Amino acid sequence: MKSSMKPRARSGPSARSLSPVGPLWVLMVLSQSTRRRRHIRRKSLPREPSSLFDMCMHDEALNRWQRGWSASRGWTDFQCIDDVTVVRIGEPERRVEYVATEQHATAAAHLALTDCNPPGTSWLTIAAGAADRVAADLRPFEIVRTEWLMTVRLADQVSYPVPPPYSLELSATPSVVEAQVYEYGEIAATGRMAILHTGAVADMIQTDPAHRRRGLARAVMTALGHAARCRSATTAYLAASPDGRRLYKCLGWTTLTPLVVARTSLTSSR
Ligand SMILES: CC(C)(COP(=O)(O)OP(=O)(O)OC[C@H]1O[C@@H](n2cnc3c(N)ncnc32)[C@H](O)[C@@H]1OP(=O)(O)O)[C@@H](O)C(=O)NCCC(=O)NCCS
């Protein structure tokens, strides 16, 4: 991991003095004690989704997704500060992305609220056990959307060929495979998969509206998954949109956790 970005000096307001992120502290303490109580009451019931095992698994999945997503987009400048991955994107509308689990949302919020970027250009992606709860607690931020972190074992993937008259072409760099589906020379669908060791991350899966529901995205996912397996990847991850989630579910992907995507408010006075 390249770490050219230095930890920022905490010259801004302290985390405690920021009333907007205050509720997260309270919420975390409350939810932890509630979880403890629930755990005592339901000792004999099957493991809850918020168990330590699941939290660690989600942590690992989020980390692998972030690395693959960054590789797919060509973002090489990222580092970890206070359990928050800081990705320096450098685009005018999206200067930086703070990626964290719900447990570290307060730290991510603090970093976003105290960096020097113009309003609206510091983004958060928070893996949230409950998207509504996290969205409510990120009140000083503008909630952009909810996505879902999903995963699949590549060995379990069923193959779907591209239907005629379409044709599919693959191109690759050392870490990213790209698929393009053509109809008589025009692009109808595209997608990418970044491959980092045994993990693969699907990104930018899109079908032109005129060509949807003809099995093109399914064929793109098949081709990318196959290419990733040929390069020794075993598990794949992605962040799904609502439309995408329906597609991936039908391909056997499972949802790990919602992802709340937010950004600093354009109207904030910092
Ligand atoms: C999501 C998207 C890529 C799907 O592309 P597509 O080529 O239409 O998908 P496919 O035809 O291969 O769909 C395969 C299956 O997925 C499911 N599916 C796909 N899109 C769906 C939708 N909008 N609603 C319900 N089910 C859907 C269906 O089960 C479908 O099979 P069926 O048509 O036989 O019922 C396309 O809608 C899109 O580009 N959306 C905008 C961008 C986006 O959200 N991309 C995903 C980013 S994570």
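Per an unreviewed UniProt entry, the chain carries the name GNAT family N-acetyltransferase and comes from Kribbella soli.

Participant: Please clarify how helix H3 (residues 105–114) should be interpreted in this entry.
Facilitator: It helps to recall that an α-helix has 3.6 residues per turn; residues three or four apart then point in one direction. Across the 10 residues of H3, 8 count as buried, placing the element largely inside the fold. Within H3, the full set of buried residues consists of Ala105, Thr106, Ala108, Ala109, His110, Leu111, Ala112 and Leu113.

Participant: Hey, could you run me through the site of the ligand in this one?
Facilitator: The ligand sits among 18 residues. The nearest are Thr207, Arg212, Ala217, Ser241 and Gly244. Going through the elements one at a time, strand E9 (199–207), helix H5 (216–230) and helix H6 (242–250) are the ones with two or more residues in the shell around the ligand. Ranked by residues supplied to the shell around the ligand, first place goes to H6 with 5 residues. Considered class by class, the residues forming the shell around the ligand number 7 nonpolar, 5 polar and 6 charged.

Participant: I tried to follow the pairing of strand E8 (residues 186–196) on my own but got confused; where do I start?
Facilitator: Side-chain positions along a regular strand alternate between the two faces of the sheet. Sheet topology note: the strand E7 (residues 176–183)/E8 ladder contains 8 bridges and is antiparallel. Counted as the bridge partner of Ala179 is Gly191 from E8. Connecting E7 to the antiparallel partner E8 that follows it, the hairpin turn spans 2 residues, and Tyr184 within it adopts a positive phi of roughly 50°. One ladder, built from 7 bridges, connects E8 with E9; its direction is antiparallel. Following the sheet pairing, Met193 is matched in E9 by Ala202. Connecting E8 to the next strand, E9, in antiparallel fashion are 2 residues, including His197 with a positive phi near 60°.

Participant: Even after reading the chapter, I still don't get the confidence of the model for the chain, so can you show me in this structure?
Facilitator: In low-pLDDT segments, the atomic positions of the prediction should not be examined closely. Taken residue by residue, the chain gives an average pLDDT of 84. The fraction at 70 or more is 79%. Every residue in residues 1–49 scores below 50 in pLDDT, and together they form 36 contacts with partners more than four places removed in sequence or on other chains.

Participant: Help me understand the sheet that holds strand E2 (residues 84–91), please; the structure alone is not making it clear to me.
Facilitator: The strands that make up a sheet pair up through hydrogen bonds in the backbone, lying either parallel or antiparallel. If you walk across this open sheet you meet the 11 strands as E1-E2-E3-E4-E11-E5-E10-E9-E8-E7-E6, and the pairing is mixed. The sheet terminates laterally at strand E1 (78–81) and strand E6 (167–172), the two strands that pair on one side only. For this sheet, the mean inter-axis angle between neighbouring strands, taken without regard to orientation, is 25°. Against the sheet, H6 touches strand E5 (141–153), E9 and strand E10 (235–240), its axis set at about 150° to E10.

Participant: How do you make sense of the pairing of strand E3 (residues 94–101) when you look at a structure like this?
Facilitator: Across the 8 residues of E3, 6 count as buried, placing the element largely inside the fold. Sheet topology places E2 next to E3; 5 bridges connect them, and they run antiparallel. Residue pairing across strands places Arg88 opposite Val96, the latter belonging to E3. With antiparallel pairing between neighbouring strands as the criterion, E2 and E3 make up a hairpin whose turn holds 2 residues. Relative to strand E4 (residues 122–127), E3 runs parallel, the two sharing 6 bridges. Note on E4: the bridge partner recorded for Glu97 is Trp123. What joins E3 to E4 is H3, and the crossover it makes is right-handed.

Participant: Honestly, unusual backbone geometry in this entry has me stumped. Any pointers?
Facilitator: The step from Pro164 to Pro165 runs through a cis peptide bond, and the omega angle for that step is 10°. By secondary structure assignment, the location of Pro165 is in the loop between E5 and E6. Although it is not a glycine, His197 sits at a positive phi angle of roughly 60°. By C-beta crowding, His197 is classed as exposed, having 12 other C-beta atoms within 10 Å.

Participant: Just to check I follow, could you spell out the nonpolar core for this structure?
Facilitator: One broad rule of soluble globular proteins: the nonpolar side chains tend to lie buried together. In terms of nonpolar packing, the biggest core is built from 64 residues, with Tyr98, Ala108, Leu124, Ile126, Leu149, Val201 and Val220 touching the most fellow members. A per-element tally of this core places H5 first, with 8 residues. Counting contributing residues, this core receives three or more from each of domain 1 (19–148 + 258–264) and domain 2 (158–251). Aside from chain neighbours lying at most four places away, what touches Ala108 is Val84, Tyr98, Ala100, Leu124 and Ile126.

Parameters at a glance
- Residues numbered from 1 in each chain as written.
- Predicted model: local features only at pLDDT ≥ 70, side-chain atom pairs only at ≥ 80, totals over all residues.
- Buried ≥ 20, exposed ≤ 12 C-beta atoms within 10 Å, placed from the backbone.
- Helix = DSSP H or I, 4+ residues; strand = E, 2+ residues; numbered from the N terminus.
- Near = placed C-beta within 6 Å.
- Nonpolar A, V, L, I, M, F, W, Y, C, P; charged D, E, K, R; others polar.
- Pairing = 2+ DSSP bridges.
- pLDDT = per-residue confidence, 0-100.
- Contact = placed C-beta atoms within 7 Å.
- Axes fitted to C-alpha atoms, helices over the stretch in contact; angles between N-to-C directions.
- Right-handed = clockwise from strand over helix to strand, strands pointing away.
- Core = buried A, V, L, I, M, F, W, Y, C linked by C-beta atoms within 7 Å.
- Domains from an automatic or database assignment.

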